[in-house]
Amino acid sequence: MEEAPLLWLLFLTSLLSCTTNQARLTLSPRSSQMFEGQSVSLSCEEDDVSAGWTLRRNITDETRTQCGAGWGKPAGSSCSISYMFAWHSGVYWCESREGATSNTITITVTDGPVILQSPVLPVMEGDDVTLLCRTKTSSSLPADFYKDGALIRTEPAGHMTLHHVSSSDEGLYKCLISSDESPPSWLTVTGKPTIMAPPTSTAPPTSTAPPPALDPLHLVIRLVCHLVVFCPYCISTFIMVSLYRHRNTGSELPVSVVMTPPTQAEEGLDDDYGDVISAVTTEHQF
């Protein structure tokens, strides 16, 4: 049970190395077909030299054999073959110590009289591609070009150019010179990678220059403007507060009653009023 986490760690490490370490296999001469007896050189263009990239191939009688193990001469991450035989036809690729692999290249070696020189790597959409039909002695003889078994056209100079290729141009090509036919080669067309443009900002550019200094006249004008705006506000606020305080004070004033002594006239009236009351009472009693 304790070995399970370790195995998972090793698996993830190897998976990470396979995805991060990259290599690209190139071939010289850059043709997927060649005559028997030609020499070729294969090279691993790696991002990580320490990954230890080596050349491997699958042919009819061998699987995953390494350069130097019965075929080719290794030189670092490259491999050269001085004399190609027909049985060297197969699939070649680069492989690191961790198991990461590069792109593959299919090489066809023929002992026949005609070959079709076509791109050994996939071509991008929109590019121009030239196919060359040649013999061992000449590369400018009239040739018929076929795609997926159907005749495309006849070229008097022995080469045909496909302008602005697209996915519809992908297929199996071959050529004929007189009655001699080349081996077929598959042309792969890939889409161009999309490039995301950086987002554009609509905000105005910020300036790092200091603001311009104001002269004294502008300062005085700004001060007067502030006073004109601020003084009425202060005055109106003061008046409102004063009115509010005066209203509260008037509503709370105490009510006092002042008793004044009666005057002589008022005393005389009181005496007469008393005599009248007494007379009325006496008459009522009688």
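In the block above lies the structure referred to throughout.
What counts, and at which threshold
- Residues numbered from 1 in each chain as written.
- Predicted model: local features only at pLDDT ≥ 70, side-chain atom pairs only at ≥ 80, totals over all residues.
- Heavy atoms only, no water.
- Helix = DSSP H or I, 4+ residues; strand = E, 2+ residues; numbered from the N terminus.
- Buried < 20%, exposed > 50% of the residue type's maximum accessible area, 1.4 Å probe, protein only.
- Contact = heavy atoms within 4.5 Å.
- Areas by Shrake-Rupley, 256 points an atom, 1.4 Å probe, with all protein chains shown as cover.
- Salt bridge = Lys/Arg side-chain N within 4 Å of Asp/Glu carboxyl O.
- Pairing = 2+ DSSP bridges.
- Axes fitted to C-alpha atoms, helices over the stretch in contact; angles between N-to-C directions.
- Polar contact = N/O pair within 3.5 Å; in protein donor to acceptor, adjacent residues only side chain to side chain.
- Core = buried A, V, L, I, M, F, W, Y, C linked by side-chain atoms within 4.5 Å.

*Asks:* An account of the overall build of the protein chain is requested, with residue identities and associated values reported.
*Replies:* Along the backbone of the protein chain there are three helices and 19 strands. Counting over 286 residues, the protein chain shows a buried share of 26%. Within the protein chain, contacts between residues separated by at least 24 positions form 57% of all contacts whose residues are at least 6 apart in sequence. As displayed, the protein chain has an accessible area near 20300 Å², and 61% of this comes from carbon and sulfur atoms.

*Asks:* With reference to specific residues and values, describe the pattern of salt bridges.
*Replies:* Counted according to the given criterion, the structure contains seven salt bridges. Here E181 makes a salt bridge to K174, at a shortest N to O gap of 3.1 Å. A residue is classified by how much of its surface remains accessible, and E181, at 42% relative accessible area, is partly exposed. Through salt bridges that share partners, R56, R64 and E95 make up one connected network.

*Asks:* I'd like a description of the pairing of strand β9 (residues 101-110), backed by residues and values.
*Replies:* As paired strands, strand β2 (residues 33-35) and β9 are joined by three bridges and run parallel to one another. Within the sheet, the bridge partner assigned to M34 lies in β9 and is V109. When strand β8 (residues 90-95) meets β9, the two strands line up antiparallel, connected through five bridges. By the bridge assignment, W93 is partnered in β9 with T104.

*Asks:* Tell me about unusual backbone geometry, residues and numbers included.
*Replies:* Note that the residue after S28, namely P29, is joined by a cis bond; omega there is 0 degrees. Along the chain, P29 turns up in the loop between β1 (23-28) and β2. A positive phi is found at H164, a non-glycine position, where the angle reads about 50 degrees. Judged by relative accessible area, which is 58%, H164 ranks as exposed. For S178, which is not a glycine, the phi torsion comes out positive at approximately 60 degrees. Topologically, S178 is positioned in the loop between β16 (171-177) and β17 (180-181).

*Asks:* Could you give me a rundown of the sheet that holds β8, with the residues and numbers involved?
*Replies:* Pairing is mixed in the open sheet, where five strands are placed in the order β2-β9-β8-β4-β5. Two strands bound the open sheet, and with one partner strand each, they are β2 and β5 (65-66). Judged from the two bridges that link them, strand β4 (residues 54-58) and β5 form a sheet pairing that is antiparallel. When the sheet's bridge partners are listed, R56 is paired in β5 with Q66.

*Asks:* Got a sec to walk through the sheet that holds strand β10 (residues 114-117)? Specific residues and values, please.
*Replies:* Strand order in the open sheet made by the three strands is β10-β12-β15, with antiparallel pairing throughout. In the strand order of this sheet, the two ends are held by β10 and β15 (159-162), each with one partner. On average, each strand axis in the sheet is tilted by 15 degrees relative to the strand beside it, whichever way the strands run.

*Asks:* Can you lay out the pairing of β4 for me, pointing to particular residues and giving the numbers?
*Replies:* Where β4 and β8 come together, five bridges link them in antiparallel fashion. Bridging from a neighbouring strand, R56 pairs with W93 of β8. The loop that links β4 with its antiparallel partner β5 comprises six residues; one of these, R64, has a positive phi angle of about 55 degrees.

*Asks:* With reference to specific residues and values, describe the side chain of S102.
*Replies:* Here S102 is to be found in strand β9. At 2.9 Å, the side chain of S102 and the backbone nitrogen of C94 are in polar contact. Ignoring anything within four residues of it in the chain, the contact list for S102 reads A23, R24, L25, W53, W93 and C94.

*Asks:* Break down the nonpolar core for me, with residues and values.
*Replies:* L27, L42, L55, M84, Y92 and I107 are the most contacted members of the largest nonpolar core, which totals 23 residues. Excluding residues that lie within four positions of it along the chain, L42 makes contacts with L25, T26, L27, L55, S78, C79, I81, Y92 and I107. Counting 16 residues, the second largest nonpolar core, distinct from the first, contains V123, A143, V165 and Y173.

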